[in-house]
Amino acid sequence: MSNVILIGFMGCGKSTIGFRLSYKLRRVLEDTDKLIEKKEGISISDIFAQKGEDAFREMETDCLRELLLSQESKVIATGGGLPMKKENHPLLKALGTVVYLRISPESVWERLKGDTTRPLLQCDNPTAKIEELLQKRASVYEAAADIIVDVDGKDIEQVVAEILERVAEREERCQPHGSEQEAKV
Ligand code: S3P
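Conventions used here
- Here the residue numbers are simple positions, counted from 1 along each chain's written sequence.
- Thresholds applied to this predicted model are a pLDDT of at least 70 for local features of residues and 80 or more for the giving and counting of side-chain atom pairs; totals over whole chains, interfaces and linings are not thresholded and use all residues.
- Side-chain measures were taken over the full set of non-hydrogen atoms in the model, leaving aside hydrogen atoms and water.
- By convention a nonpolar core is built from buried Ala, Val, Leu, Ile, Met, Phe, Trp, Tyr and Cys residues, the set being connected through side-chain atoms within 4.5 Å.
- Categorising residues by exposure relies on relative accessible area from a 1.4 Å probe, with only protein chains included: less than 20% of the type maximum marks a residue as buried, more than 50% marks it as exposed, and the intermediate range marks it as partly exposed.
- Residues count as neighbours in contact if any of their non-hydrogen atoms are within 4.5 Å of one another.
- Whenever a carboxyl oxygen of Asp or Glu lies within 4 Å of a side-chain nitrogen of Lys or Arg, that contact is scored as a salt bridge.
- Per the convention used, a helix needs a DSSP run of H or I reaching at least four residues, while a strand needs a run of E reaching at least two, with both numbered from the N terminus.
- Pairs were defined over the aromatic rings of Phe, Tyr and Trp, the Trp ring being its six-membered one, requiring ring centres within 6.5 Å. Orientation was assigned from the angle between planes: stacked under 30 degrees, edge-to-face over 60, tilted for the rest.
- Counting of polar contacts relies on pairs of N or O atoms within 3.5 Å, with two restrictions inside protein: one atom must be capable of donating a hydrogen and the other of accepting it, and residues adjacent in sequence are counted only when both atoms are side-chain atoms.
- For two strands to pair, DSSP has to find at least two bridges joining them.
- Note on definitions: angles span 0 to 180 degrees between N-to-C directions of axes, and those axes are lines fitted to C-alpha atoms, for helices only across the stretch in contact.
- Multiplying one less than the number of residues by 1.5 Å gives the expected span of a helix.
- The arc in question is traced by the directions running from the helix axis to the C-beta atoms.

Enquirer: I'd love a proper account of the nonpolar core, names of residues and values included.
Expert: Ranked by size, the top nonpolar core spans 46 residues in total, and within it Leu 6, Ile 7, Phe 9, Val 99, Leu 101 and Ile 163 carry the most contacts. Setting aside anything within four residues of it in sequence, one finds Val 99 in contact with Val 4, Ile 5, Leu 6, Ile 7, Ile 147, Val 149, Ile 163 and Val 167.

Given below as structure tokens:
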């Protein structure tokens, strides 16, 4: 399937960039956090508080499975912890091109310091938590990604332009050439 799936740490811009990308590509934007909130009828913070993180992670996997049922090409923004479950990697790959929006811990803090909606960062030392989580997650994001785009110091339009260019390049490379297609006929 040829969805564009955005992965990366909290605050890297998956939702904002996804929104702009969906406009440019004239595609529907799906957001796994929003789909889960809609299905459960409560916020992510309440899901963590009432049902626990493990239950939320199961919901994320179910959400990917449901997205796989659609025939329509979309832009899909994912929750920052979704790629941490190895079981989700083949599902992400089956959905389409996986784009990792890479961000530094300093930029995450700059963007999220007033935020109260990320349960994992509601702790005594959120900067240390960001460092710790990013260190654990960086190599997993890289392993799950087809394309890595650095977002530090770039505005939304620059990031979107880079994604569009690199996704197009990749799709071109992955498409069978005319001669190969003819050979198969
Ligand atoms: C999480 C990231 C959040 C949300 C939940 C857990 C994480 O999504 O899924 O709070 O584990 O990094 P965003 O990346 O959209 O903030």
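Enquirer: Please provide a residue-by-residue account of the pattern of salt bridges, values included.
Expert: Under the defined criterion, the tally for this structure stands at 20 salt bridges. Where Arg 57 meets Glu 60, a salt bridge forms, and the shortest distance between an N and an O atom there is 2.9 Å. One end of the pair is Arg 57 and the other is Glu 60, both in helix H4 (residues 53-67) and 3 residues apart, which spans about a single turn.

Enquirer: Let's hear about the packing of aromatic side chains: which residues, and what values?
Expert: The full count for this structure, using the stated rule, is 2 aromatic pairs. Measuring from centroid to centroid gives 5.0 Å for Tyr 100 and Tyr 141, while their planes differ by 35°, and the two rings are tilted. In this pair, Tyr 100 is assigned in strand S4 (residues 96-102) and Tyr 141 in helix H7 (residues 126-144), connecting sequence segments 41 residues apart. Each member of the pair, Tyr 100 together with Tyr 141, is buried.

Enquirer: Explain the side chain of Thr 78 residue by residue, including any values.
Expert: Turning to its location among the elements, Thr 78 is positioned in the loop between strand S3 (75-77) and helix H5 (88-95). Only 2.6 Å separates the side chain of Thr 78 from the backbone oxygen of Leu 6, close enough to count as a polar contact. Non-local contacts of Thr 78, meaning those with residues more than four positions away in its chain, are made with Ile 5, Leu 6, Ile 7, Lys 14, Thr 32 and Leu 92.

Enquirer: If you had to explain the environment of Ala 144 to someone new, which residues and values would you point to?
Expert: Among the secondary structure elements, Ala 144 is positioned in helix H7. Taking relative accessible area as the criterion, Ala 144 reaches 3% and is therefore assigned buried. C-alpha of Ala 144 to C-alpha of Gly 11: the two residues are 133 residues apart in sequence and 19 Å apart in space. Apart from residues no more than four positions distant in its own chain, Ala 144 is found in contact with Ile 7, Pro 83, His 89, Lys 93 and Val 98.

Enquirer: Now, about the sheet that holds S4: what can you tell me, with residues and values included?
Expert: In spatial order, the strands read S2-S3-S1-S4-S5; together these 5 strands make up an open sheet with parallel pairing. Of all the strands in the sheet, the pair left with one neighbour each is strand S2 (29-31) and strand S5 (147-150). In this sheet, neighbouring strand axes are inclined to one another by 25° on average, regardless of whether the strands run parallel or antiparallel. Relative to the sheet, helix H1 (residues 14-25) contacts strand S1 (3-7), S2, S3 and S4, its axis offset from that of S1 by approximately 165°.

Enquirer: Before we move on, can you summarise H4 with the specific residues and values?
Expert: Helix length check: H4 (15 residues) gives 21 Å between terminal C-alpha atoms against 21 Å at 1.5 Å per residue, within 8%. When H4 is considered as a whole, its buried residues turn out to be Phe 56, Arg 57, Met 59, Glu 60, Thr 61, Cys 63, Leu 64 and Leu 67.

Enquirer: Can you lay out the pairing of S4 for me, pointing to particular residues and giving the numbers?
Expert: Counting buried positions along S4 gives 6 out of 7 residues, so the element sits mostly inside the fold. Bridging between S1 and S4 involves 5 bridges; their strand directions are parallel. Each bridged residue has a counterpart across the sheet, and for Val 4 the counterpart in S4 is Thr 97. Where S4 lies against S5, 4 bridges are found, and the strand directions are parallel. Its bridge partner being in S5, Arg 102 is matched across the sheet by Asp 150.

Enquirer: Give me H1: which residues, what numbers.
Expert: With 12 residues, H1 ought to run about 16 Å at 1.5 Å a step, and its terminal C-alpha atoms sit 15 Å apart, in line with that. What H1 keeps buried is the set Lys 14, Ile 17, Gly 18, Leu 21 and Ser 22. The buried residues of H1 occupy an angular sector of 135° when projected down its axis, which confines them to one face. Buried residues along H1 sit against S1, S2, S3, S4 and helix H8 (156-174).

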